[in-house]
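# Examining the three-dimensional arrangement
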Amino acid sequence: MDFYKNEPKTLLAVDCVILGFNGESLEILLVKRDIAPERNKWSLMGGFVQETESPERAASRVLKKLTGLENVYMENCGIFGEPGREKRRVVSITYFALIDTKQYRHILSEEYEAKWFPLDDHPKLIFDHEDMIAAAKHMLRTKAALYPILFELLPEKFTVPQIASLYECVYNIDLDKRNFSRKLLASGLIIKLNEKDKNSKKGAFYYRLNMDIYKEKIMSFLRYLPSWSIDYKEGRILT
């Protein structure tokens, strides 16, 4: 350890951008910070990486501590460590997690005064947490254009209007819903169930995702989303 004795002591932390979809809009889960500095101010849920764990395990531990959930979709979306972000030198690895808010709303931890807020209308946050949210939103858009991660925000059975609303929220676009529904149903990406949503005005049928063909069809599915295109040669998403 003598080799490192003159090196700076930096704390490694993780912060979780926990996103949910309530059927109509995107939400973010925030907590009241229980330690100084910035005690009792709204914050992302976070914690320090312990010596015996990886950053991924630390993020999973933080998420479970807040919601009781395990095996939730979670992905790294950035590293934040500008000098002066806190009084002591802290570098944070940020993860975004996707949760079905209706299914898990009842098991939130009361210890941290956790509360769901609209993603675009939440209280002012501490430190650089606003930048973390911006990074998570960008990563969500990019990943959702390549992989079926948005379905992590939906219950096991869902309606076509719910899917359309979800994509409109994530990409901040207005879909031609009739055309979107027609092409989505023709794609074979979803399987119709013999059950209707009794709460919808028109009695919309429920569907479930056909995982067997999703990856095969995902590239053509992207063409239904205005303002987004694929650079096939580079494999990049263009806006």
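See the structure shown above.
These remarks concern the structure in this document. (Residues numbered from 1 in each chain as written. Predicted model: local features only at pLDDT ≥ 70, side-chain atom pairs only at ≥ 80, totals over all residues. Heavy atoms only, no water.)

Turning to the overall build of the chain, a few remarks are in order. Across its full length, the chain carries six helices and eleven strands. Residue burial in the chain is summarised as follows: out of 239 residues, 46% are buried. In the chain, the proportion of contacts linking residues at least 24 apart, taken out of those at least 6 apart, comes to 64%. When the accessible surface of the chain is summed, it comes to about 14300 Å², and 48% of that surface belongs to carbon and sulfur atoms. (Helix = DSSP H or I, 4+ residues; strand = E, 2+ residues; numbered from the N terminus. Buried < 20%, exposed > 50% of the residue type's maximum accessible area, 1.4 Å probe, protein only. Contact = heavy atoms within 4.5 Å. Areas by Shrake-Rupley, 256 points an atom, 1.4 Å probe, with all protein chains shown as cover.)

Inspection of the entire model under this criterion finds five aromatic pairs. Geometrically, the ring pair formed by Tyr 73 and Phe 96 is tilted, given 6.2 Å between the ring centres and 45° between the ring planes. With Tyr 73 in strand S5 (residues 73-80) and Phe 96 in strand S6 (residues 90-99), this residue pair connects regions lying 23 residues apart in the sequence. With a relative accessible area of 0%, Phe 96 lands in the buried category. Through a chain of ring-to-ring contacts, three or more aromatic side chains come together here, namely Tyr 167, Tyr 171 and Phe 180. Against the face of Tyr 206 rests Lys 157, its NZ or CZ located 5.0 Å from the ring centre. (Phe/Tyr/Trp six-rings, centres within 6.5 Å; stacked < 30°, edge-to-face > 60°. Lys NZ or Arg CZ within 6 Å of the ring centre and 35° of its normal.)

Here the focus is the nonpolar core. Ranked by internal contacts, the top residues of the largest apolar core, which has 42 residues, are Val 17, Ile 28 and Ile 163. The element contributing the most residues to this core is helix H4 (residues 160-171), with seven residues. Filtering out sequence-adjacent residues up to four positions away, Ile 163 remains in contact with Phe 151, Leu 154, Phe 158, Phe 180, Leu 184 and Ile 190. Counting residues in hydrophobic clusters, the runner-up holds 21 residues, among them Leu 29, Val 49, Ala 58 and Ala 59. (Core = buried A, V, L, I, M, F, W, Y, C linked by side-chain atoms within 4.5 Å.)

A few words on the side chain of Asn 210. With respect to the secondary-structure elements, Asn 210 resides in the loop between strand S9 (205-209) and helix H6 (211-221). Excluding residues that lie within four positions of it along the chain, Asn 210 makes contacts with Gly 188, Leu 189, Ile 190 and Ile 191.

The next subject is unusual backbone geometry. In this model, Ala 36 is joined to Pro 37 through a cis peptide bond whose omega is 0°. Within the secondary structure, Pro 37 is located in the loop between strand S2 (26-32) and strand S3 (42-43). We note that Asn 40 has phi near 70°; this positive angle belongs to a residue other than glycine. Relative to the helices and strands, Asn 40 is located in the loop between S2 and S3. Positive phi, normally seen in glycine, also occurs at Asn 172, with a value near 55°. Within the element layout of this structure, Asn 172 appears in the loop between H4 and helix H5 (177-187).

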